[in-house]
Amino acid sequence: HMVTPQWITASLAAGHWLPEADFRASVRFEAVASAVRNAMAAGAPRPRPLAHRLVCVHCPPPQPTAQAEHKAPSVAECHSSISHAPVCRRGGSSGGSGSGTSVTRAALAAASAKAMEHRQGLQRLVVALGGRVVPPRACNLAVVSAGASAPSCRPAEAIAVTEEWLLQLAETHIIPSTSAFNVE
């Protein structure tokens, strides 16, 4: 259980640990977590609101941020020159007078690792909700991270929604309307 800080102070004042149930903290997924625990304790199967859904989680790595006023090079430009030079410069050239924006391998690796970690977390959530994670070409539902566009290679009938749609589903176990979370 997650408890409020008052549980500690009240327990100290009482001289013993007080029941946690009296000091439960209110958190985003509290209601659904409690409902799932109660259902499973009663022998009911775990709810699977995404059962039979083929879900692609689209979470591309963010573009490197520019230190200067110039637009940062794309990830593709940086990956194409990463094996040839310690830094990538605007336009894919590793040389020059420094007029481009430098992006180090470490910055690209960190951005890619963060995007991968986020994608993996969303994929675990899809599986926990009963969905099956598949590539974009095979999905009937695409969950898209904030700021990204829907994967262009998804089937025409596949719906693309924001990750907030998935979080709301996880919070309530009720499939939200896709219209408010639609991604083009």
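Let me begin by describing the structure that accompanies this report.

The rules behind these values
- Residues numbered from 1 in each chain as written.
- Predicted model: local features only at pLDDT ≥ 70, side-chain atom pairs only at ≥ 80, totals over all residues.
- Heavy atoms only, no water.
- 1 Å grid on protein atoms, 1.4 Å probe; cavity = no way out; pocket = protein on both sides within 12 Å on 5 of 7 lines; lining within 4 Å.
- Points joined across faces, edges and corners; volume = space filled by probe spheres on them.
- Helix = DSSP H or I, 4+ residues; strand = E, 2+ residues; numbered from the N terminus.
- Nonpolar A, V, L, I, M, F, W, Y, C, P; charged D, E, K, R; others polar.
- Phe/Tyr/Trp six-rings, centres within 6.5 Å; stacked < 30°, edge-to-face > 60°.
- Buried < 20%, exposed > 50% of the residue type's maximum accessible area, 1.4 Å probe, protein only.
- Pairing = 2+ DSSP bridges.
- Contact = heavy atoms within 4.5 Å.
- Axes fitted to C-alpha atoms, helices over the stretch in contact; angles between N-to-C directions.

**Observations concerning the layout of surface pockets**
- Considering only enclosed or pocket space, the largest pocket measures out at about 230 Å³ in volume.
- Considering the residues around the largest pocket, the lining is formed by 13 residues, among which Leu125, Ala128, Leu129, Ala170 and His173 are closest to the centre.
- Mapped onto the lining of the largest pocket, the elements with two or more residues apiece are helix H2 (30–41), helix H4 (105–128) and helix H5 (163–172).
- A breakdown of the residues in the lining of the largest pocket according to their chemical character gives eleven nonpolar, one polar and one charged.

**Concerning the packing of aromatic side chains**
- This model, assessed by the stated rule, comprises one aromatic pair.
- Geometrically, the ring pair formed by Trp7 and Trp17 is stacked, given 4.8 Å between the ring centres and 15 degrees between the ring planes. In this pair, Trp7 is assigned in helix H1 (residues 5–14) and Trp17 in the loop between H1 and H2, connecting sequence segments ten residues apart.
- Assessed through its relative accessible area of 60%, Trp17 is described here as exposed.

**Re the sheet that holds strand E5 (residues 141–144)**
- Pairing is parallel in the open sheet, where four strands are placed in the order E4-E1-E5-E6. Bordering the open sheet on either side are strand E4 (132–133) and strand E6 (159–162), each of which pairs with just one other strand.
- Examined bridge by bridge, strand E1 (residues 54–58) and E5 share four bridges and lie parallel to one another. For His58, the partnering residue across the bridge sits in E5 and is Val144.
- On the sheet, H4 packs against E1 and E4 and is oriented at approximately 165 degrees with respect to E1.
- Here H5 sits on the sheet and contacts E5 and E6; the angle it forms with E6, its principal contact strand, is near 80 degrees.

**Remarks on unusual backbone geometry**
- At His52, a residue that is not glycine, the phi angle is positive and equals roughly 70 degrees.
- Looking at the element boundaries, His52 is found in the loop between H2 and E1.

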